[in-house]
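# Summary of the model geometry
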Amino acid sequence: MNKTITRFAPSPTGYLHIGGARTALFNWLFARKMKGRFILRVEDTDQARSTPEMTRAIIDSMNWLGLDHDDGPFFQSQRKNLYLSYILRLVQKGNAYYCGCTPDEVEAMRQEARQRGQKPKYSGKCRDLGLEPGPETVVRIKAPLDGQVVFNDLVKGHISFENQELDDFVLQRKDGTPTYNLAVVVDDAEMGITHILRGDDHVNNTPRQLHIYQALEITPPLFGHVPMILGPDKKKLSKRHGALSVMAYKQMGFLPEAMLNCLVRLGWSYKDEEIFSREDLIRKFSLENLGSSACVFDMKKLTWLNSHYIKEGSVPRLAKILMDHLHSEHISPKEMYLEKIIPLLQPRAGTIKEMAEMAMFFLVEDHKLDYDQEAVQKFLTPETKRLLSEIASRLEKLDSFDQEALEQDLGEYIRNKEIKFKVIAQPLRVAITGKTASPGLFETMEVLGRERVVNRLKLMSS
RNA sequence: GUCCCCAUCGUCUAGUGGCCCAGGACGCCGGCCUCUCACGCCGGAAACGGGGGUUCAAACCCCCCUGGGGACGCCA
């Protein structure tokens, strides 16, 4: 059995978005599962739209997700001679020919075919003219005129096309550059790719690519077309249609493991399980469990997964990630201090961004604390201010300022006053955090420390 | 228009002829816990698109319809 080799072949004309990331993930997973190789190939034959920045961004995204490649990145723009040699070979074998039709003429042919109720296609006018190469000629494949192309899709099963539906498509442009279908076939063949997992939108390219393989007399790889990820409106997700870059999710405070977990469940499942670590996935992934119908990406589920991984995450790591988010808000706390705050926020935050917001009251100076005015109105009455003032004095004299001591002391206080804890809880919380919702009071106070707690109480009780 | 593909709760899905008057998860609703908000726990509403077959038996197999998606470039 030959070694499994998969590839991810993005075109650097845009960011890596969810659809692409999932395709990359599936290919990566399959390679890892089969102990094969995963190749990264940049399909930048469209010089006008491809940019090095996008290549960089795509690789950054893959690094963030931890989808490491074993070979590459290879750039199609640097392999032009290779493609040209294949094209020449095709022409010499009589499987391709030079065509002098202008784009306008071809367009007219397409219109005509459409009017006859057929699929728009090139008529094959130059097919047997034996034209020579020239500045205005392209190279077209000499595709079979009848019969059908059949392949067994790894996820969809048997798929077939009538050859009459296909036409003699272009292999080499007028400017001498190879087209997508040609370059893909040459590269997949040259790189020994065994399995191609790609988006559903490529099924229509498959018969064309099969024609090239056939003309070249090369055994094609296996194809598997994974269903599209649709937007909430069920339309194809694309750069200009609601698809955010993977890095945008990073900025929103999602963890890569949550991202991966969410992505893999779009079109793949394993029994009733929902949570998969990277190791789980490599162990459990299989092509058989890939689904075949399109799906919709759900942000709510991503957020749930993210909150799950936040709860499970190691505090030092979360601290580093949180720090990055705070830096972009121009706040630079001590990492040690963040590590004390994080455990209080872990069960509460859906994203790291949210965690950053929730951590704010721990990080700003007392006089800069942002108070919820409505809460202040409601809970900081003359009555409760008196209580807070008394509490401030008591806390100043407390021997130790940990949760246990605080709970004990305040317990003693309410017993003496013969009031319920509820009476002072919200006023305390508002005075200390500025809000009506926060982690537990005692733990919050301990982490905040005596000085700031007392200070805030005094500030708000006068 | 033509071709290809798809079709289970709002969403992601399990289900490969009897275990399914359909299971799990997110979300939603209700309750418990409780110093607030969460977490957690318990409970609830919620789906096999329609019609024909095949079969003793169909969500599962076949056909038709409908609906949805994708593709029809000298883009990838």
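Please read all numbers here as calculations on a predicted model, not as lab measurements.

Reading the values: the criteria
- Here, residues in each chain are numbered from 1, in the same order as that chain's written sequence.
- Whichever chain is written first becomes A and whichever ligand is written first becomes 1, with later ones labelled in order.
- Local features in a predicted model are, by the rule used here, given only for residues with pLDDT of at least 70; side-chain atom pairs are given and counted only at 80 or more, and totals for whole chains, interfaces and linings are based on all residues.
- Hydrogens and waters are ignored; side-chain quantities use all the structure's heavy atoms.
- In DSSP terms, a helix is any run of H or I states spanning at least four residues, a strand is any run of E spanning at least two, and both are numbered starting from the N terminus.
- For a compact globule the rule gives 2.2 Å times the number of residues to the power 0.38, and the radius of gyration it is set against comes from C-alpha atoms.
- Three exposure classes are used, based on accessible area relative to the maximum for each residue type with a 1.4 Å probe and protein chains only: buried under 20%, partly exposed in between, and exposed over 50%.
- Contact between two residues is taken to exist if any of their heavy atoms lie within 4.5 Å; hydrogens are not considered.
- We define proximity as follows: a residue is near a molecule or strand when any one of its heavy atoms falls within 4 Å of that partner.
- In the analysis that follows, any N or O atom pair within 3.5 Å is treated as a polar contact, provided that within protein one partner can donate a hydrogen and the other can accept it, and provided that, for residues neighboring in sequence, both atoms belong to side chains.
- In this scheme, a helix's expected span is set at 1.5 Å multiplied by one less than its residue total.
- Throughout, the arc means that of the directions going from the helix axis to the C-beta atoms.
- Strand pairing is assigned whenever DSSP identifies at least 2 bridges connecting the two strands.
- Whenever a helix is involved, its axis is fitted only over the stretch in contact; in every case the axis is a line through C-alpha atoms, and angles between N-to-C directions fall within 0 to 180 degrees.
- The distinction between a cavity and a pocket rests on a 1 Å grid over the protein atoms alone: a 1.4 Å probe fits inside a cavity but cannot get out, while a pocket stays open yet meets protein on both sides within 12 Å along at least five of seven lines, and a residue with an atom within 4 Å of a point counts as lining.
- Grid points are joined across faces, edges and corners, and a volume is the space filled by probe spheres set on the points.
- One confidence number per residue, pLDDT, is output by the predictor and ranges from 0 to 100.
- Looking down the strands as they point away from you, a crossover is right-handed if its path from the first strand over the helix to the second goes clockwise.

## So, the overall build of chain A
Each helix and strand in chain A was counted, giving 19 helices and 12 strands. Taking 2.2 N^0.38 as the reference for a compact globule, 462 residues should give roughly 23 Å; the C-alpha atoms of chain A span a radius of gyration of 31 Å, well beyond that estimate. Here the C-alpha coordinates of chain A stretch approximately 105 × 45 × 40 Å along the principal axes. For chain A, the proportion of its 462 residues judged to be buried stands at 52%. Sequence-distant contacts in chain A: of pairs separated by 6 or more residues, those separated by 24 or more amount to 76%.

## Brief notes about unusual backbone geometry
The phi dihedral of Glu-217 is positive, around 60°, even though this residue is not glycine. Among the structural elements, Glu-217 can be located in the loop between helix H6 (206-216) and strand E10 (222-226). In this structure, Lys-271 takes a positive phi of about 50° despite not being glycine. Along the chain, Lys-271 falls in the loop between helix H8 (256-264) and helix H9 (278-284).

## A closer look at the protein's contact with RNA strand B
Every one of the 61 residues lining RNA strand B counts as a neighbour, but Arg-173, Lys-236, Gly-267, Arg-348 and Ser-438 are closest to it. Expressed as a percentage, the sugar and phosphate content of the atoms of RNA strand B within 4 Å of the protein is 70%. The separation between a sugar or linking oxygen of RNA strand B and a polar side-chain atom of Arg-49 is 3.1 Å. A distance of 3.5 Å separates a sugar or linking oxygen of RNA strand B from a polar backbone atom of Lys-300. If you list the elements that add at least two residues to the surface near RNA strand B, you get helix H4 (103-115), strand E7 (157-162), strand E12 (295-296), helix H10 (299-312), helix H17 (421-433) and helix H18 (441-448). Per-element tally for the surface near RNA strand B: the top contributor is H17, with five residues.

## Some thoughts on helix H15 (residues 382-397)
In a regular helix each residue adds 1.5 Å, so 16 residues correspond to 22 Å; H15 covers 24 Å between its end C-alpha atoms and thus fits that length. By the burial criterion, the buried members of H15 are Thr-384, Leu-387, Leu-388, Ile-391, Ala-392 and Leu-395. The buried side chains of H15 occupy one side of the element, clustering within an arc of 150° when seen end-on. When the buried face of H15 is taken as reference, the exposed residues oriented beyond 90 degrees from it are Pro-382 and Lys-397. Elements that come into contact with the buried residues of H15 comprise helix H14 (373-379), helix H16 (403-417), H17, H18 and helix H19 (450-461).

## What to know about the sheet that holds strand E1 (residues 5-8)
Taking strand neighbours across the sheet as the criterion, the three strands line up as E1-E2-E3 in an open arrangement whose pairing is parallel. Two strands lie at the open edges of the sheet, namely E1 and strand E3 (71-75), each paired on one side alone. Strand-to-strand twist of the sheet, defined as the mean angle between neighbouring strand axes without regard to direction, takes the value 25°. Bridge analysis of E1 against strand E2 (residues 37-42) gives four bridges, and the strand direction is parallel. Bridge pairing links Phe-8 to Leu-40 in E2. Its contacts with the sheet place helix H2 (residues 52-65) against E1, E2 and E3, and it is angled at close to 155° to E2.

## Quick notes on the layout of surface pockets
In this structure, the second largest pocket spans a volume of roughly 260 Å³. Surrounding the second largest pocket, 18 residues form its lining, Lys-121, Tyr-122, Ser-123, Gly-124 and Asp-167 being those nearest its centre.

## Here we look at the environment of Glu-404
For Glu-404, the position within the fold is in helix H16. Linking Glu-404 and Phe-442, residues 38 residues apart in sequence, is a C-alpha distance of 7.9 Å.

## Structural notes on the sheet that holds strand E4 (residues 96-99)
Across the sheet, which stays open at both edges, the three strands sit in the order E4-E5-E8 with antiparallel pairing between neighbours. In this open sheet, the two strands that pair with only one neighbour each are E4 and strand E8 (170-172). If you compare each strand with its neighbour and ignore which way they point, the axes differ by 45° on average. In this sheet, strand E5 (residues 138-141) lies alongside E4 in antiparallel orientation, the contact comprising four bridges. Residue pairing across strands places Cys-99 opposite Val-138, the latter belonging to E5.

## Quick word on the confidence of the model for chain A
Per-chain confidence: chain A averages 93 in pLDDT, with 99% of residues scoring 70 or above. Confidence metrics for the complex model read pTM 0.93 and ipTM 0.93.

## Quick look at the pairing of E3
Where a strand is regular, its side chains alternate between the two sheet faces. By the bridge criterion, three bridges tie E2 to E3 in an arrangement that is parallel. The residue bridging Val-42 from the neighbouring strand is Phe-75, located in E3. For the handedness criterion, the β-α-β arrangement of E2, H2 and E3 is classed as right-handed.

## Considerations on the pairing of E2
Of all six residues that make up E2, five are buried, and the element is covered over most of its length. In this region the chain leaves E1, passes through helix H1 (residues 18-33) and returns to the parallel neighbour E2; the handedness of that crossover is right-handed.

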